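Now for the letters of each chain:
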Amino acid sequence: MGRFRGAVERLAAAQKPARGVSLYSRYVNRPAGRLLAAAAYTARMTPNQVTAVSAAFTFAGVVMTAVLPPSHALAAGVYAALAVGFALDSADGQLARLTGGGSPAGEWLDHVVDCAKALALHMAVLVAFYRHFDVSDPLVLLVPVAFQFAAVLIFFGGILTEQLKRRTAAAGAPAAPPSTVRSLVLLPVDYGVFCLVFLFLGDRELFTALYCALLAVHLLFLAAFLVKWYRELAVPAR
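Since the structure is predicted, the reported quantities are computational estimates derived from the model, not experimental observations.

A. A look at the packing of aromatic side chains. Evaluation of the coordinates by the stated rule reveals 15 aromatic pairs. Both rings, one in Tyr-24 and one in Phe-86, keep their centres 6.4 Å apart while their planes meet at 10°; by these two values the pair is stacked. Placement of the pair is Tyr-24 in helix α2 (residues 23-42) and Phe-86 in helix α4 (residues 72-99), with a sequence separation of 62 residues. Exposure remark for Tyr-24: the relative accessible area of 12% places this residue in the buried category.

B. Region of the structure containing the nonpolar core. Counting 30 residues, the largest nonpolar core has Phe-147, Phe-194, Phe-198, Leu-201, Phe-207 and Tyr-211 as the members making the most contacts within it. Taken together, the elements giving at least two residues each to this core come down to α3 (47-67), α4, α5 (104-132), α6 (142-168), α8 (191-196) and α9 (204-234). The element best represented in this core is α4, accounting for seven residues. If near-sequence neighbours (up to four positions away) are discounted, Phe-194 is found in contact with Leu-121, His-122, Phe-147, Tyr-211 and Leu-214.

C. How the structure looks around a nonpolar patch on the surface. Together, Phe-156, Leu-160, Leu-164 and Leu-233 make up a nonpolar patch on the protein surface, roughly 330 Å² of accessible area in all. The greatest single-element share of the nonpolar patch, amounting to three residues, is contributed by α6. Turning to its location among the elements, Leu-160 is positioned in helix α6.

D. The side chain of Thr-65, seen in detail. Looking at where Thr-65 falls in the secondary structure, it is placed in helix α3. A distance of 2.8 Å separates a polar side-chain atom of Thr-65 from the backbone oxygen of Gly-61. When sequence neighbours within four positions are dropped, the list of residues in contact with Thr-65 reads Val-78, Ala-124, Val-125, Ala-128, Phe-198 and Leu-201.

E. Representation of the environment of Lys-165 in the model. Relative to the assigned elements, Lys-165 resides in helix α6. For Lys-165, a relative accessible area of 35% translates into the label partly exposed. When the C-alpha atoms of Lys-165 and Trp-229 are compared, they prove to be 9.7 Å apart, with 64 residues separating the residues in sequence. Residue contacts for Lys-165: discarding those within four places in its chain leaves Glu-232 and Leu-233. Among the polar contacts made by the side chain of Lys-165, one reaches the side chain of Glu-232 at a distance of 3.2 Å.

F. Spatial organisation of the packing of α3 against α4. Axis separation between α3 and α4 bottoms out at 8 Å; the angle between their running directions is 165°. When the interaxial angle is binned, α3 and α4 end up roughly antiparallel. The interaxial crossing formed by α3 with α4 has left-handed handedness. For the contact of α3 with α4, the per-class residue count stands at 14 nonpolar, eight polar and two charged.

G. Seen up close, the pattern of salt bridges. With the rule as written, the count across this model stands at five salt bridges. Here Lys-117 makes a salt bridge to Asp-114, at a shortest N to O gap of 3.9 Å. With a gap of three residues between them, Lys-117 and Asp-114 both fall in helix α5, about one helical turn apart. Residue classification places Lys-117 among the buried positions, given a relative accessible area of 5%. Note that Lys-228 is salt-bridged to Glu-232, the shortest N-O span being 2.6 Å. Of the two residues, Lys-228 and Glu-232 are both situated in helix α9; the distance of four residues between them amounts to about one turn of the helix. Given a relative accessible area of 28%, Glu-232 falls into the partly exposed group. Among the charged side chains, a salt-bridge network with shared partners connects Glu-107, Glu-162 and Arg-166.

Procedures and definitions
- Residues numbered from 1 in each chain as written.
- Predicted model: local features only at pLDDT ≥ 70, side-chain atom pairs only at ≥ 80, totals over all residues.
- Heavy atoms only, no water.
- Phe/Tyr/Trp six-rings, centres within 6.5 Å; stacked < 30°, edge-to-face > 60°.
- Helix = DSSP H or I, 4+ residues; strand = E, 2+ residues; numbered from the N terminus.
- Buried < 20%, exposed > 50% of the residue type's maximum accessible area, 1.4 Å probe, protein only.
- Core = buried A, V, L, I, M, F, W, Y, C linked by side-chain atoms within 4.5 Å.
- Contact = heavy atoms within 4.5 Å.
- Patch = residues over 30% accessible without salt bridge, like charges linked within 9 Å, V, L, I, M, F, W, Y side chains within 5 Å.
- Areas by Shrake-Rupley, 256 points an atom, 1.4 Å probe, with all protein chains shown as cover.
- Salt bridge = Lys/Arg side-chain N within 4 Å of Asp/Glu carboxyl O.
- Polar contact = N/O pair within 3.5 Å; in protein donor to acceptor, adjacent residues only side chain to side chain.
- Axes fitted to C-alpha atoms, helices over the stretch in contact; angles between N-to-C directions.
- Parallel < 35°, antiparallel > 145°, perpendicular 65-115°, else oblique.
- Left-handed = near helix turned anticlockwise from the far one by under 90°.
- Nonpolar A, V, L, I, M, F, W, Y, C, P; charged D, E, K, R; others polar.

If you want it as structure tokens, here you go:
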């Protein structure tokens, strides 16, 4: 127990900057990931092992979404699997910082698994629409395809922009303080908020409406992010 408590305290003092992070990730997912990282540290797991467990939870939710007919029990199970998988996705990075065991290979694995999750989850929704939702308009089947496009492009664009900005950032430049307003605005495109939609998987019409609404928001954010990222990278480094 002492090892667990000590790990929690050390993790709390070594959190990543909150800038550019939604309220959900800041106040729900990261604290949950901190506890899971401390538990993994106590069990002497490696960050890559935590990444693998995160993938197992998420893909369990993916398979359930695609294979099983919608129900309220299924909705609760899928949400739990996705939420735990997301918290573990935060835990692997926190564990790496705690143990000093992070590596380019580990970071690569984490990002590849994240991308695979985004691809698979929207494909599972597409399968569920086709098999279980009695879709009368075939155009509805394009909604998960469009959502997958937006989600993966936001993920890839954000990662690539971050890496390119690291190459041109001034050494020792102070990080800007986190903005509560920005954290609130980013809520609709937080993966944790997206997972919440699966709590309504038992109600086909409500789930479809919420899923479509989040797609519209993601498309708007995608356009805004692309313009923002390009402008930031187009400004010459000083």
